[in-house]
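Read off the chains here:
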Amino acid sequence: MTSQAKILNQVNRPTPRRMDFVFDDSIPMDWFGGSPFKTMVLTALSATFPEGERFFVDSVRHYQKRVSPDLAKQVSGFIGQEAHHGREHTAFNAFMGRKGLPMAEIDEFVEKGMKFMRRKLSPERQLAMTCALEHFTAILAELALENPEFFGPMDERVKPLWYWHAIEESEHKAVAFDVFQEQVGSYWIRSSQMVINSIEFAFFSSFHTYQLLKARGIQRDWKMHREGLKELFVKPGWLRKMGKAYLAYYKPSFHPWQRDTTRAMNHWKAVYGIE
């Protein structure tokens, strides 16, 4: 880890914050700018968060007593933040479930998947999986924090959840990675697990989005799909713009804090009064 990364680790220590968001049923189904496609993509991600966050916590906690004292403090903050993320997204998922979406079905599917991973993967692979998926959430968070127009069309009653989550994902984006480097340190395990999880992430994100669209009877709305995919890959091309940040993970010298999001984080902390 470079001296700059160490400084940024200290400046951006993960701070658990209990937010107690309330999601009123008057919030429309398509709270992301009236777009069913974009709303269901993020709702599908949210559906995976509670069980996914528990897996992340367990994979890091396995090494908690072995890491250096300073990193152990970071781990404690990471665990606290992830626990609150699971809690808040459970509330959000219940809100979307009340609108008739199969949120509980997806949650159960993810729970079974995480149990399978716990049985089949070594602790080293489980931690590498956490590092890989934390990189996805980190670069998604960076995209949102540094491009206000990305979340811009979102309903103001939902937006604070996603900005808070993006801020905290940015704060703790290096914790699992630093634990892995200190306790495992295998480039092969880290990089190969990212390849596996990239395929899985793309497949299951698409699958869960399809489940939600099917529940609404709009899975064959090809115009909606065409417009949504155009926004993701062509103009403005949000996912395409994340390509460089994603590929950086495969460099042997990679560290999450090589991409400094401190300024953007501090801006949105001020906007939402997050201490």
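Throughout, a residue's number is its position along its own chain's written sequence, starting from 1. Reporting in this predicted model follows two pLDDT cut-offs: at least 70 for local features of residues, and 80 or more for side-chain atom pairs to be given and counted; totals over whole chains, interfaces and linings ignore these cut-offs and use all residues. Neither water nor hydrogens contribute to the side-chain values; these are computed over all heavy atoms in the structure.

A. Representation of the overall build of the protein chain in the model. Tallying secondary structure elements over the protein chain gives 13 helices and 0 strands in all. Here a helix means four or more residues in a row that DSSP labels H or I, a strand means two or more in a row labelled E, and each is numbered from the N terminus. Along the protein chain, helices and strands appear, N-terminal first, in the series α-α-α-α-α-α-α-α-α-α-α-α-α. A compact globule built from 275 residues would reach a C-alpha radius of gyration of about 19 Å, and the protein chain, at 18 Å, matches this within 12%. Relative accessibility under 20% of the residue-type maximum defines a buried residue, over 50% an exposed one, and the middle range a partly exposed one, all with a 1.4 Å probe and only protein chains included. When burial is assessed residue by residue, the protein chain has 53% of its 275 residues classed as buried. Based on C-alpha atoms, the radius of gyration is set beside the globule rule, defined as 2.2 Å times the residue count to the power 0.38.

B. The arrangement of a nonpolar patch on the surface in detail. Taken together, the side chains of Phe 109, Phe 203, Phe 204 and Phe 207 present a nonpolar region at the surface, about 360 Å² in accessible area. Ranked by residues supplied to the nonpolar patch, first place goes to helix α9 (residues 187–215) with 3 residues. In this structure Phe 207 comes out as partly exposed when scored by relative accessible area, which is 31%. Patch definition: residues above 30% relative accessible area lacking any salt bridge, with like charges linked at up to 9 Å and the nonpolar side chains Val, Leu, Ile, Met, Phe, Trp and Tyr linked at up to 5 Å. We get accessible surface area from the Shrake-Rupley algorithm with a probe of 1.4 Å; when it comes to residues, only the shown protein chains can shield them. We define a salt bridge as a side-chain nitrogen of Lys or Arg found within 4 Å of a carboxyl oxygen belonging to Asp or Glu.

C. Region of interest: the environment of Arg 17. Relative to the assigned elements, Arg 17 resides in the loop between α1 (3–11) and α2 (36–61). The spatial distance from the C-alpha of Arg 17 to the C-alpha of Gly 273 is 12 Å, given a sequence separation of 256 residues. Pairing of N or O atoms within 3.5 Å defines a polar contact, subject to two protein rules: one partner must be a possible hydrogen donor and the other a possible acceptor, and residues neighboring in sequence count only if both atoms are side-chain atoms. Reaching out from Arg 17, the side chain makes a polar contact with the backbone oxygen of Glu 275 at a distance of 2.7 Å.

D. Just the nonpolar core, in detail. Residues belong to one nonpolar core when they are buried, are Ala, Val, Leu, Ile, Met, Phe, Trp, Tyr or Cys, and are joined through side-chain atoms within 4.5 Å. Membership of the largest hydrophobic core comes to 80 residues, with the highest contact counts inside it found for Trp 31, Phe 92, Met 96, Phe 151 and Trp 162. Sort the elements by how many residues they give to this core and helix α5 (residues 123–146) lands first, with 12 residues. Each residue touching Phe 151, except ones within four places of it in the same chain, is listed here: Phe 32, Leu 42, Ala 144, Lys 159, Trp 162 and Tyr 163. Contacts are assigned to residue pairs that have any heavy atoms within 4.5 Å of one another.

E. Expanded view of unusual backbone geometry. Here the amide bond leading from Lys 235 into Pro 236 is cis, since omega sits at 0°, within 30 degrees of zero. Inspection of the secondary structure assignment puts Pro 236 in the loop between α10 (222–233) and α11 (238–241). Its identity is not glycine, yet Asp 20 carries a phi of approximately 55°, on the positive side. Mapped onto the elements, Asp 20 comes out in the loop between α1 and α2.

F. Focus on the environment of Gly 228. Inspection of the secondary structure assignment puts Gly 228 in helix α10. When the C-alpha positions of Gly 228 and Lys 38 are compared, they lie 6.8 Å apart, and in sequence the two are 190 residues distant.

G. Spatial organisation of helix α13 (residues 262–272). When α13 is considered as a whole, its buried residues turn out to be Thr 262, Ala 264, Met 265, Trp 268 and Lys 269. Mapping the buried residues of α13 onto a view down its axis gives an arc of 160°, with all of them on the same face. Facing away from the buried surface of α13 by more than 90 degrees, the exposed residues are Arg 263 and Ala 270. Two residues or fewer after α13 comes Gly 273, characterised by a positive phi angle close to 65°. Think of the arc as the fan of directions from the helix axis to the C-beta atoms.

H. Geometry of the packing of aromatic side chains. Centres within 6.5 Å are what make two rings of Phe, Tyr or Trp a pair, Trp counting through its six-membered ring; a difference in plane orientation under 30 degrees is then read as stacked, over 60 as edge-to-face, and the rest as tilted. By the definition in use, this model includes 29 aromatic pairs. With a centroid separation of 6.2 Å and 85° between ring planes, the pair formed by Phe 92 and Trp 162 is classed as edge-to-face. On the criterion of sequence distance, the pair formed by Phe 92 in helix α3 (residues 69–97) and Trp 162 in helix α7 (residues 159–171) is long-range, its members being 70 residues apart. Across the pair, Trp 162 and Phe 92 agree in class, each one buried. Look at Tyr 246 and Tyr 250: their rings are 5.6 Å apart centre to centre, the planes differ by 80°, and that puts the pair in the edge-to-face class. A relative accessible area of 22% means that Tyr 250 is categorised as partly exposed. Sitting over a ring, as applied to charges here, requires NZ of Lys or CZ of Arg to be within 6 Å of the ring centre and within 35 degrees of the ring normal. The ring of Phe 32 has Lys 38 sitting right over it, with the charged end atom 4.6 Å from the ring centre. Seen from the ring of Trp 257, Lys 173 lies directly overhead, with NZ or CZ sitting 4.3 Å from the centre.

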